[in-house]
Amino acid sequence: MKVSGLRGRGGAGFSCGLKWSFVDRKSGKPIYLICNADESEPGTFKDRQIMHKDPHQLIEGMIISCFANDVKLAYIYIRGEMPEGAKILNRAIKEAREKNFLGKNILGTGYDLEIYVHRGAGAYICGEETGLIESLEGKRPYPRIKPPYFPAILGLWMCPTIVNNVETLCNVKHIVELGGAEFAKLGTPNNTGTRIVSLSGHVKRPGYYEIEVGKATLRELLYDKNFGGGLRDGRQLKAIIPGGSSSKVLKAGEKFKLKKKDAEGKEILVETDMLDLPYDFDSLAQAGTMSGSSAIIVMDDSVDIVKALANLSEFYAHESCGQCTPCREGSLWMNKTLQRLTHGEGRASDADYLGKIADNIPGGRTICAFGEACSWPVQSFLAKFKDEFVAKGAADEARRAKEIAAPAEQKQLEAAHH
Amino acid sequence: MSTAATTETKPAPTAIEKIKVKVDGREIEVPRLTADWSGKLTPTTMIQACELAKTDVPHYCWHPKLPVVGNCRMCLVEFGTPAMGPDRKPVMNPDGTPKIAKSPRPAISCATPISPGMEIYTKTPAVKQMREGVLESLLINHPLDCPICDQAGECKLQEYSVDYGQSASRFVEAKVHKPKAVDLGPRIMLDAERCILCTRCIRFTRDIAGDDALGIINRGSYNTIATFPGMPFDNNYTLNTVDVCPVGALTSKDFRFQMRAWFLKETKSVCTSCATGCNVLIGSREEKIYRYTPRDNDAVNASWMCDAGRLNYKWIGRADRLKDVLVRGQKSTWAAALNEISDKLKKATAGSVAIIASARQTNEELWLLSKLKAKLGAVSDSIARIGAEDKLLVCADKNPNINGARLTGMCFTEAGINLAQIANGIEQGKIKTLIVFGENLVKHGVSAKALSEKETVSEVVEQHGLTAELLAKLDTLIVSDILPNETTRLAHYVLPGCAHAEKRGTFTNTDGRVQKFMKAVEAPGDARAEWEFLHDLVHNVTGQNGFVTIEGLFNQMAKEVPAFNGLTWSALGDTGVTVQI
């Protein structure tokens, strides 16, 4: 796995082999594997497609991963809103069991494995691995503090646990088939393999596309006839959210300095337009954002950027589990401000006000990454489209001032009349 | 349920390795391991190291006796660890000190273990800014109703607002509204708007009381503490949640709206409702008791006490308290009554006096009675009180000081086995004088015939042959008590005594821990601390002149009673000393 260079497909892009190597194998406790199928990030729909269209790929990947890690019991934690997926997976597991790919003494190897499908109850936070574990244990999905509750040591039922994304586990099958080194030839160095990109928003052909990681640029994904097929006619690109709704927004026309190696192998900085960013983990990280769950949301010039952010922030305010103070209170506060701003009650100062609220949430102040997830969109939208927020607030203020002044003028007219 | 909560944290048999860390630039040595909430040794955390360094780290959800959850984020600190080179060797500064790599992210000090050479920074601008951010978040939806909140004055939100709060709020949105005055159970009220969702109450009742009764409903900022539908929060430890609640969300129905916390005088005392002897603080104002709250003592009650014990204080302020010295029903004076009694006792023949002491009396009082007993050759006993027990704090023995009665020789290992002998002595006219302290004998008195049909000793102990008819045969019945009862009405001499909250003294709890308690309020009327008038009585009858201060009395007792040898009043400290029983 380490040779393959496979990086987690859930969002953080952490090395899968390294993750497996952290598992405490000397505790004497059983090791569990959990497939994280709680795909909830707005804009992301890759795992659902895999489970609907090719459930056996996932199950095969899981069986191999379990065998490799001496796991006897594995779970698929599937999002509550995907009842169809759960049905399909259960049917596939039944089929696999009938063929003795699962169950006791698999294919005569003496190895036993059971996989259970567990349906969530519809909370975004269950996609956070320790929140997922709590939920699987039947509790409220409050993410656990790390340290000490690293899943690899104290995971499900306080036993060593591996939590991997659906797409990551599917890749395991191909790594075993191709060999790690061969797999690593796919994609680009340190960004190996293929990824499914969920493309949504204002493109002609929204959908999901599998690419070799880093072999396509954002421009290709948006405009190539094999991918997005370009924006709607007569529209200009305004912004892209490149890796699921929590990733930082990219503004059309932004330029970044990317590290590249020149002909002599020396590291140089190359100015790159945002559309020419190769779609991989490292390039987007250099652009200050992330490829996250590889969900690209495209926004053209018809989008009211304030409303777009208000929409996102409503989601995060609703989904904060409420465990840590900054995220619990900050996510709703930001949403209230944005709803006020979109409903004509804004102030020109709200852009700064909102920025200060958002600054109090991320940067390790919360137990899980939700704090970052809810504040990054606000911070990045404000950083790149602040003028629109200020203009909206100022327009609201002007309108209200006029409304207050209007009755006074009316009175003066009446007085003059008498 | 934790058994460790009530057992003493023993010093580790082998010395725990010490490691050096720096707190705000000051190097201190701290043990690598520290007892966690359950008493188990776990890696020392930053907040524990900071405590040892006498550096305050503000916190809401962390409580030394509860599992760590790290959700309030108030205790975030910055830190650094010795930098490691690629060769896994520490990198040195030019001056030879180890180079410290500061962590880019803060850490919660309540859950992050320390490591050798770690530097913890609690006073940096970034830490201050994080604390301000957390506090602002906690306050935006808070009702800010301190003027009508019972927690005001002992509220962590108020305290940290002084340190990290803003004078004006920039919050212009509508606040989240949640249920107020929610009846959680028979003794607890919840104001969900004041709640900061630290989950201390949930953890207490789940992990300490063993009753998983509380949880959180809803999501995000709308989170609310709740019970299961139709299931009131009702166990014998619910009021501890009011103590652990850092804000005014959980309030005691008994105490709410009764008294501002800052008016209360706090007196160190001991609960008398059972033999556990939980350490308490009595909150009183102008000679009236308003509440008991538990006082930390890891050898006895950790930080907790039961609801029954906590609410068992109202009798002290009852209007019908015995306030007058009565001689044959007539109001008298202490001097007159004590002189009469002394004269009678001096003339009494050996064996004609019996003493029934109470295991609710203090060690000192029992010891003084034992002097009378010795001089008069009296037979003595005490009355057992047996009830239900639980696994946490409540002891089956409902007397606070049966061990004191035993150690001073006022009763045998099983209290009450001499009662039949006393009853017989009265019946046969051998015993003419009976001295009774704090016991309503008539309450459990049944006729000797009915008693003989009892099968077990414990039944006999609970009920005895000392009936009203029998007491009427006595020449002299001397009774000291606090509240009037059938026995005081029969008495020739009534000596009004003091509740423990009105005097000083010591009790010996069920484990043999000798604990002292202080005086919180004045006794009503002529009521006098028993040890004071017993001292006079012993002086009159035996000619021995003991000490007239409680300190001297205790120290003298400690010299004469073998079990207490070596103790002194001052050495008992606030949390007592365990003796061999």
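Residues numbered from 1 in each chain as written. Chains lettered and ligands numbered in written order. Predicted model: local features only at pLDDT ≥ 70, side-chain atom pairs only at ≥ 80, totals over all residues.

Novice: Explanation requested: the overall build of chain A in the structure shown.
Specialist: Secondary structure summary: chain A contains 13 helices and 13 strands in total. Based on the C-alpha atoms only, the size of chain A along its principal axes is roughly 105 × 55 × 35 Å. In chain A, which comprises 418 residues, the share counted as buried stands at 52%. Sequence-distant contacts in chain A: of pairs separated by 6 or more residues, those separated by 24 or more amount to 70%. (Helix = DSSP H or I, 4+ residues; strand = E, 2+ residues; numbered from the N terminus. Buried ≥ 20, exposed ≤ 12 C-beta atoms within 10 Å, placed from the backbone. Contact = placed C-beta atoms within 7 Å.)

Novice: Would you explain the sheet that holds strand S26 (residues 577-578) of chain B in this entry?
Specialist: The strands making up a sheet associate through backbone hydrogen bonding, with each pair oriented either parallel or antiparallel. Sheet architecture is open: three strands sit in the order S24-S25-S26 (chain B), paired in antiparallel fashion. Sheet topology places strand S24 (505-508) and S26 of chain B at the edges, where each strand pairs with a single neighbour. (Pairing = 2+ DSSP bridges.)

Novice: Whenever I open this one, the domain arrangement of chain A confuses me. Can you help?
Specialist: How big an interface is tends to be stated in terms of the accessible area lost upon association of its parts. Residue and element names in this part refer to chain A. In terms of domain boundaries, chain A breaks down into domain 1 (16-184), domain 2 (195-300) and domain 3 (305-401). Contact with domain 1, which involves eight residues of that partner, is made by twelve residues of domain 2. Class assignment of the residues belonging to the side of domain 1 that touches domain 2 gives a composition of two nonpolar, three polar and three charged. (Domains from an automatic or database assignment. Nonpolar A, V, L, I, M, F, W, Y, C, P; charged D, E, K, R; others polar.)

Novice: Would you mind going over the confidence of the model for chain B with me for this structure?
Specialist: Low pLDDT marks stretches whose predicted atomic positions should not be read closely. All names here are of chain B. Within chain B, residue pLDDT values average 93, and 98% of them lie at 70 or more. Below a pLDDT of 50 lies the segment residues 1-9, which in the model reaches 21 contacts outside its immediate sequence neighbourhood of four places, other chains included. This prediction of the complex comes with two scores: 0.93 for pTM and 0.92 for ipTM. (pLDDT = per-residue confidence, 0-100.)

Novice: Explain unusual backbone geometry to me, please; I cannot follow it from the model alone.
Specialist: Of all residues except glycine, most have a negative phi; of all peptide bonds, most are trans. Residues and elements named next belong to chain A. Note the cis peptide between Lys-146 and Pro-147, where omega equals 0°. Tracing the backbone through its elements, the reader meets Pro-147 in the loop between helix H5 (129-136) and strand S4 (161-165). A positive phi angle, close to 60°, is found at Asp-70, a residue other than glycine. Here Asp-70 lies in the loop between helix H3 (55-68) and strand S2 (73-78). Even without being a glycine, Asn-100 presents a positive backbone phi close to 65°.

Novice: Which parts of the structure should I look at to understand the packing of helix H10 (residues 305-319) of chain A against helix H11 (residues 325-342) of chain A?
Specialist: Between two packed helices, the angle of one axis relative to the other and the distance separating the axes together describe the packing. Residue and element names in this part refer to chain A. Running from amino to carboxyl end, H10 crosses H11 at an angle of 150°, the nearest separation of the two axes being 8 Å. Classified by chirality, the crossing of H11 by H10 is left-handed. Each of Val-306, Lys-307, Leu-309, Ala-310, Ser-313, Glu-314, Tyr-316 and Ala-317 in H10 lies in contact with H11, whose residues at this interface are Ser-331, Leu-332, Met-334, Asn-335, Leu-338, Gln-339, Leu-341 and Thr-342. Per-class residue counts for the contact of H10 with H11 are nine nonpolar, five polar and two charged. (Axes fitted to C-alpha atoms, helices over the stretch in contact; angles between N-to-C directions. Left-handed = near helix turned anticlockwise from the far one by under 90°.)

Novice: What is the right way to read the environment of Pro-42 of chain A from this model?
Specialist: Residues and elements named next belong to chain A. Locating Pro-42 in the fold gives a position in the loop between strand S1 (32-37) and helix H2 (46-53). Sequence separation between Pro-42 and Gly-243 is 201 residues; the distance between their C-alpha atoms is 9.8 Å. Apart from residues lying up to four places away in sequence, Pro-42 is in contact with Gly-244, Ser-245, Leu-312 and Phe-315.

Novice: In this structure, what is going on with the pairing of strand S13 (residues 295-300) of chain A? I would like to understand it.
Specialist: Regular strands have side chains that alternate between both faces of the sheet. Residues and elements named next belong to chain A. Counting buried positions along S13 yields five of six residues, so the element is predominantly enclosed. Strand direction decides the pairing type here: strand S7 (residues 194-201) and S13, joined by four bridges, are parallel. Paired with Gly-201 across the bridge in S13 is Val-298. Looking at chain direction, strand S9 (residues 237-241) and S13 are connected through four bridges and run antiparallel. Looking at S13, one finds that Leu-237 is bridged to Asp-300.

Novice: Teacher, can you tell me more about the interface of chain B and chain A here?
Specialist: With 25 residues of chain B at the contact, the number on the chain A side is 28 residues. A per-element tally of the side of chain B that touches chain A places helix H2 (residues 125-140) of chain B first, with six residues. A per-class count over the side of chain B that touches chain A returns eleven nonpolar, nine polar and five charged.

Novice: How do you make sense of the domain arrangement of chain B when you look at a structure like this?
Specialist: All names here are of chain B. Examined at the domain level, chain B breaks down into domain 1 (4-123), domain 2 (140-317) and domain 3 (325-578). Between domain 1 and domain 2, the contact holds 14 residues from the first and 20 residues from the second. In terms of residue class, the side of domain 1 that touches domain 2 is made up of eight nonpolar, four polar and two charged.

Novice: Please clarify how the sheet that holds S4 of chain A should be interpreted in this entry.
Specialist: All names here are of chain A. Ordered by their spatial adjacency, four strands build an open sheet running S3-S2-S1-S4, and the pairing between neighbours is parallel. Across the chains shown, the open sheet's two edge strands, defined by having one partner strand only, are strand S3 (114-119) and S4. Between one strand axis and the next, the sheet turns by 20° as a mean value, whatever way the strands run. Direction of pairing for S2 relative to S3: parallel, over a ladder of six bridges. Residue pairing for S3: Ile-76 is matched across the bridge by Val-117.

Novice: Would you mind showing me how to read the packing of H2 of chain A against helix H4 (residues 83-98) of chain A here?
Specialist: Residues and elements named next belong to chain A. Where H2 contacts H4, the two axes come as close as 8 Å, and the packing angle between them is 40°. When the interaxial angle is binned, H2 and H4 end up oblique. Read as a crossing pair, H2 and H4 show a hand that is left-handed. Contacts from Arg-48, Met-51 and His-52 of H2 reach H4 at Glu-84, Gly-85, Ile-88 and Leu-89. Considering only residue class, the contact of H2 with H4 consists of three nonpolar, two polar and two charged. (Parallel < 35°, antiparallel > 145°, perpendicular 65-115°, else oblique.)

Novice: Help me out: how do you make sense of the pairing of strand S19 (residues 353-356) of chain B in this one?
Specialist: All names here are of chain B. Here S19 shows no split at all, with Val-353 and Ile-355 on one side and Ala-354 and Ile-356 on the other all buried. Judged from the four bridges that link them, S19 and strand S21 (residues 433-437) form a sheet pairing that is parallel. The partner of Val-353 across the bridge, within S21, is Thr-433. Pairing of S19 with strand S20 (residues 379-381), which is carried by three bridges, proceeds in the parallel orientation. Across the sheet, Ala-354 pairs through a bridge with Val-379, a residue of S20. For the crossover that starts at S19, traverses helix H8 (residues 363-376) and ends in the parallel S20, the hand is right-handed. (Right-handed = clockwise from strand over helix to strand, strands pointing away.)

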